[in-house]
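Summary of the model geometry
The residues making up each chain are set out below.
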Amino acid sequence: MTFSSRTKNEISKIIVAKKCCQLALLSALLKMTGTVQIHGVNKIGIRLSTENASIARMLFSLLKDRFKINARVVVRKSRHLNKNNNYILYIDSDSDSHEILKATGILQEKDNGLKLNYRLPHYLIKRSCCRKAYLRGIFLGGGSLSDPEKTYHLELVTNDENFAEDIKELMNQYELGAKVVMRKGNYVIYIKEGENIVNFLNIIGAHNALLSLENIRIYKEMRNNVNRIVNCETANLDKTVNAALRQIENIEYIKSTIGLDKLPAGLAEIAELRLEHREATLKELGEMMSPEVGKSGVNHRLRKLDRIAENLRDKRGE
């Protein structure tokens, strides 16, 4: 089961007791999973479709609890390659369909009759609890969440541009950084930042998914930090080794040309120590000197030896 499916299973089991939140949740689910069907002369019905059994059960319970309606349920094999079950809920009654669509803000009375409303019904989400229930319904009906082990990406898909913009604005009331993009004729509202996805999961009540994602985020951050430290230490080690090799090469050149005995005592001492202790650090070389010299002092003397070797090469045309 995917991370997205586990998240939907979790939030579809949340018990919604408030009538206002039930309407907001149903309104969002109808927008994302529902189709208004025409039967006969001016008669309508509703068709709700989902591949998630938990969502189908939740829809059935909401319709029964809120409207005292028992939807007709049909289970079919999906036509997609995965061959999952497709759960379809039918509300065949014209009067029941009208009641549900009007209560959820999808069917509105206008001067010239009833019209379908493709925008977000703001009067249903005036309360904070209703806004959260609505976003939960949007995710259940048309959302997906990538495996956080691979990438952080949450998206909600709708076929209406204005509705997509409404949802984006609703999400950004919580400072989620949601954006809209068009893809294959649909409008996709998406979030890519891991922290914003965590906040969205908290809003819709997906606390187990939130904890799982946070654990993955912490693990990935620790792994990245370790990699950065290792890379930094490796780079520093390479730099130190290359510097030591250069110092040894220059000291041996001085020794083979003018001899180390021609050097000042302090330089001769550090030159001999570097040749004898090729893998020693600057600090260790300083501790071997008499009297002891600090790390910066050792580095200063080795740089002098580098310059002497360079001067000798210049004079010899090497």
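Scroll up to find the structure this text is about.
Read on for an overview of the structure. (Residues numbered from 1 in each chain as written. Predicted model: local features only at pLDDT ≥ 70, side-chain atom pairs only at ≥ 80, totals over all residues. Heavy atoms only, no water.)

**Comments concerning the environment of Leu25**
The test is simple: Numbering of helices and strands runs from the N terminus; a helix is a DSSP stretch of H or I covering at least four residues, while a strand is a stretch of E covering at least two. Here's how the labels work: a residue is buried when its accessible area is under 20% of the maximum for its type, exposed when over 50%, partly exposed in between, all with a 1.4 Å probe on protein chains only.
Mapped onto the fold, Leu25 is located in helix H2 (residues 19-33). Residue Leu25 is classed as buried on the basis of its relative accessible area, which comes to 1%. Measuring from C-alpha to C-alpha, the distance between Leu25 and Lys132 comes to 8.7 Å, with 107 residues separating the pair along the chain.

**Regarding the packing of aromatic side chains**
Quick reminder of the rule: Stacked, edge-to-face and tilted are the three classes for Phe, Tyr and Trp ring pairs, Trp counted by its six-membered ring, which pair at centre distances within 6.5 Å; planes under 30 degrees apart are stacked, over 60 edge-to-face, the rest tilted. Charge-over-ring contacts are defined here by two conditions on Lys NZ or Arg CZ: a distance within 6 Å of the ring centre and an angle within 35 degrees of the ring normal.
With the rule as written, the count across this model stands at one aromatic pair. When the centroid spacing of 6.2 Å and the interplanar angle of 65° are considered together, the rings of Phe139 and Phe200 count as edge-to-face. Taken together, the residues Phe139 in helix H5 (residues 128-142) and Phe200 in helix H7 (residues 194-203) connect sequence positions 61 residues apart. The exposure classification of Phe139 matches that of Phe200, with both residues buried. Across the ring face of Phe163, the terminal group of Lys31 is positioned such that the distance to the ring centre comes to 4.9 Å. The cationic tip of Lys220 hangs over the ring face of Tyr152; the distance from NZ or CZ to the ring centre is 4.4 Å.

**Focus: the packing of helix H9 (residues 265-276) against helix H11 (residues 295-316)**
For clarity, the threshold we go by: Orientation is described by axes fitted as lines to C-alpha atoms, over the contacting stretch for helices, and by angles from 0 to 180 degrees between their N-to-C directions. Every angle not falling under 35 degrees, over 145, or within 65 to 115 is termed oblique; those three ranges are roughly parallel, roughly antiparallel and roughly perpendicular. Residues count as neighbours in contact if any of their non-hydrogen atoms are within 4.5 Å of one another.
Between H9 and H11, the shortest axis-to-axis distance is 10 Å and the interhelical angle comes to 95°. Judged on the interaxial angle alone, H11 and H9 are roughly perpendicular. Facing H9, whose interface residues are Gly266, Leu267, Ile270 and Ala271, H11 presents Val298, Arg301, Leu302, Lys304, Leu305 and Ile308.

**Overview of the sheet that holds strand E2 (residues 43-50)**
Cut-off, in case you're wondering: At least two DSSP bridges between two strands are needed for those strands to be called paired.
One open sheet accounts for four strands, arranged E1-E2-E4-E3; its pairing is antiparallel. This sheet does not close on itself; its edge strands, each paired only once, are strand E1 (34-39) and strand E3 (72-77). Taking the axes of each pair of neighbouring strands and ignoring which way they run, one obtains an average angle of 25° across the sheet. Judged from the six bridges that link them, E3 and strand E4 (residues 85-91) form a sheet pairing that is antiparallel. From the neighbouring strand, Val73 faces E4, where its bridge partner is Leu89. Contacts from helix H4 (residues 94-103) reach E1, E2 and E4 within the one sheet, and its direction differs from that of E2 by about 65°.

**Some words on the nonpolar core**
Filter applied, for reference: Each nonpolar core is a collection of buried residues, namely Ala, Val, Leu, Ile, Met, Phe, Trp, Tyr and Cys, held together in the definition by side-chain atoms within 4.5 Å.
In terms of nonpolar packing, the biggest core is built from 64 residues, with Leu63, Tyr134, Ile167, Met171, Phe200 and Leu201 touching the most fellow members. It is H2 that contributes the most residues to this core, nine residues altogether. In contact with Ile167, not counting residues within four places along its chain, are Leu120, Tyr134, Ile138, Leu156 and Ile189. Counting 22 residues, the second largest nonpolar core, distinct from the first, contains Ala271, Leu273, Leu282 and Leu305.

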